Amino acid sequence: MENSSRKELLAAYYAATPEDQSKYRYQYSLVEIKKREEDISSLLARLPGDVLNFLEIAGELADKQEVKAYLIGGMVRDLFLGLENRDLDIVLAPGPEAPELNPDLERRKEAHPPGLGNRGQVSNPELEKRKEKGDILENYLRELADVFQAEYSYNSKFRTGNLLLPAGLNVDLAEARREFYQYSGALPEVEAAGIIEDLFRRDYTINSLALVLNRVEWGCLLDYFQGLEDLQEASLRVLHSFSFLDDPTRIVRGIRLAAKTAFSFARETSVLLQEALTGGDFSHLSLERILKEFEFLFASPVNSNLFSLLQQYPLFNLLNLEVGIREGLEEELEKLESYLAEFREKNYNREEWVLRLALFIGDAGEELKKWQVRTDYKEIFLAYESYQSLLPELAQPLAADELVEKLKPLQDEELLILLARSRNKEVEENILRYLRKLKNIGLEITGKDLLANGLEPGPVIGEILARVYRQRLKGKLSSRTEQLAYARSLVREVKGKKE
Ligand code: ATP
């Protein structure tokens, strides 16, 4: 599409009413809307006992409340992929009948070109009935929580809830909804809808499969958008052409999914992804929100799939940073992992995603400096830039106290970044000497001991402690008694000078 007509289309799309925006999406959909049903109850039987038990009870309670309950998303996808998953997503939709493919959708797609559509609401008798009954999700959550003696949380504004069950089983619940975006990267406004629309708002077709939990149809898989085919073809496909612009976090989610499953992006999806990354406007996307996705992306070591995806797609454009993949980065990541493995056991205790991300974005300079994020994270992101000038000094032979003086101001994590990025053996040895040994050397005496030995309060206390510490760094005065004896001799020296 020409650039100018594309811009006009996007402007019209984001200015459209919720109803018209839906029509645009169906008009520019990349999938056929065609219902396929499969009985996968035998596959379900392979789930761990506690998950299966939960799903059965979730289905029974839905029957009791005359709603449909569906298991959606990652858990269904991972069931087919044979991957373990302990995060369940359940969606409630009007019931009790099986949701039929809404013929209205197809008709609207044909009959109303975008912008000319009928602006009235499509009436949905089931939804109307539901409204009269009050807050179904909250009742449902309460009952589930009762059965499992679990805590639950409920958000009445977004109509979502969460339940944390024993053994780390996490359940997110929501009512079926459709979404509306006022601009690219905005938080969506949501309104109640049927299950098809709920599935159509999802990120990839393989995440848009729904499994009925109600007893009569237990194990019936609904696939409206060829998600099963995509699963078989190991393909990641978005549902419509506006998907990445509506919600750019889907880009990071897709890269994470591709890296995890070794699936490839379908051709149009790959084109849309590149286009979004190179031409999208992410100025409205909140840094906090997108960084959350990077946190998940870099929660575990960067595997070779992920590394090649990051070479192929300029993902860091989402952070409004211009950074390429520099020569040697893959080796630096490996080095980082080996140092993380060593220090994770010791005093080091920081989220590792920050360090992995720092290796990718550390050269972004001014833009990075403007970020409003936690100071300790920012220092780690900027560690190489801030301390690059220290590296030549660290390449020299250094006495223990000199080394400590240079490295003490840095967080351990900043040092790990320098270690990973350094290409000089002496520098690495010095940093490791500090981290492995010198940093852990402390004093077993304090200023109070000096006061108890007759010293007046004042700067001289600090000076004496520093002298004792220097001896400690040299490997001397290993016990408190020795430190105290040496400190006393220094006190005497000071007092002698005064008299
Ligand atoms: P995992 O975290 O293991 O990759 P997941 O797909 O279950 O798996 P969740 O974040 O738990 O990830 O999301 C649950 C489901 O919600 C997804 O499968 C997808 O259908 C939908 N979803 C989540 N985030 C988005 C998004 N930004 N846009 C559209 N759909 C989304």
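What counts, and where the lines are drawn
Residues numbered from 1 in each chain as written. Predicted model: local features only at pLDDT ≥ 70, side-chain atom pairs only at ≥ 80, totals over all residues. Helix = DSSP H or I, 4+ residues; strand = E, 2+ residues; numbered from the N terminus. Near = placed C-beta within 6 Å. Expected span 1.5 Å × (residues − 1). Contact = placed C-beta atoms within 7 Å. Axes fitted to C-alpha atoms, helices over the stretch in contact; angles between N-to-C directions. Parallel < 35°, antiparallel > 145°, perpendicular 65-115°, else oblique. Left-handed = near helix turned anticlockwise from the far one by under 90°. Nonpolar A, V, L, I, M, F, W, Y, C, P; charged D, E, K, R; others polar.

Asks: Explain unusual backbone geometry to me, please; I cannot follow it from the model alone.
Replies: With the exception of glycine, most residues fall at negative phi, and the peptide bonds are largely trans. A positive phi angle is found at Glu66, which is not glycine, with a value near 55 degrees. Turning to its location among the elements, Glu66 is positioned in the loop between helix H4 (49-64) and strand E2 (67-72). For Ala262, which is not glycine, the phi dihedral falls at a positive 65 degrees. Mapped onto the elements, Ala262 comes out in the loop between helix H12 (249-261) and strand E12 (264-265).

Asks: Can you walk me through the site of the ligand in this structure?
Replies: Near the ligand, the surroundings consist of 14 residues, among which Gly73, Gly74, Arg202, Asp203 and Asn207 are the closest. Of all the elements in the fold, those that place two or more residues in the shell around the ligand are strand E3 (87-94) and H12. The greatest single-element share of the shell around the ligand, amounting to four residues, is contributed by H12.

Asks: When you look at helix H16 (residues 329-344) in this model, what are you seeing that I'm missing?
Replies: What sets the pattern is the α-helix's 3.6 residues per turn: residues three or four places apart point alike. Given a rise of 1.5 Å per residue, 16 residues ought to cover 22 Å, and the 21 Å separating the end C-alpha atoms of H16 matches this to within 8%. Of the surrounding elements, those touching the buried residues of H16 are helix H17 (352-361) and helix H23 (412-421).

Asks: Mind showing me how you'd approach the packing of H23 against helix H24 (residues 425-436) here?
Replies: Packed helices, taken two at a time, are described by the angle their axes make and the gap between the axes. At a minimum axis separation of 10 Å, H23 and H24 run at an interaxial angle of 155 degrees. In terms of orientation, H23 and H24 fall into the roughly antiparallel class. The way H23 lies across H24 gives a crossing that is left-handed. In this structure, H23 uses Asp412, Leu415, Leu418 and Leu419 to contact H24, whose residues at the interface are Glu428, Ile431 and Leu435. Partitioning the contact of H23 with H24 into residue classes produces five nonpolar, no polar and two charged.

Asks: Where do I start with the environment of Ser241 in this structure?
Replies: Mapped onto the fold, Ser241 is located in the loop between strand E11 (235-236) and helix H11 (243-246). As for Ser241 and Leu273, which are separated by 32 residues in sequence, their C-alpha atoms are 9.8 Å apart. When sequence neighbours within four positions are dropped, the list of residues in contact with Ser241 reads Tyr28, Leu30 and Leu272.

Asks: It is not clear to me how the packing of H16 against H23 should be interpreted in this structure. Could you clarify?
Replies: Axis separation between H16 and H23 bottoms out at 8 Å; the angle between their running directions is 140 degrees. Considering their axes alone, H16 and H23 lie oblique with respect to each other. In terms of crossing hand, the pair formed by H16 and H23 is right-handed. Residues Glu332, Lys335, Leu336, Tyr339, Leu340 and Phe343 of H16 touch H23, and the partners they reach there are Asp412, Leu416, Leu419, Ala420 and Arg421. For the contact of H16 with H23, the class distribution of residues is seven nonpolar, no polar and four charged.

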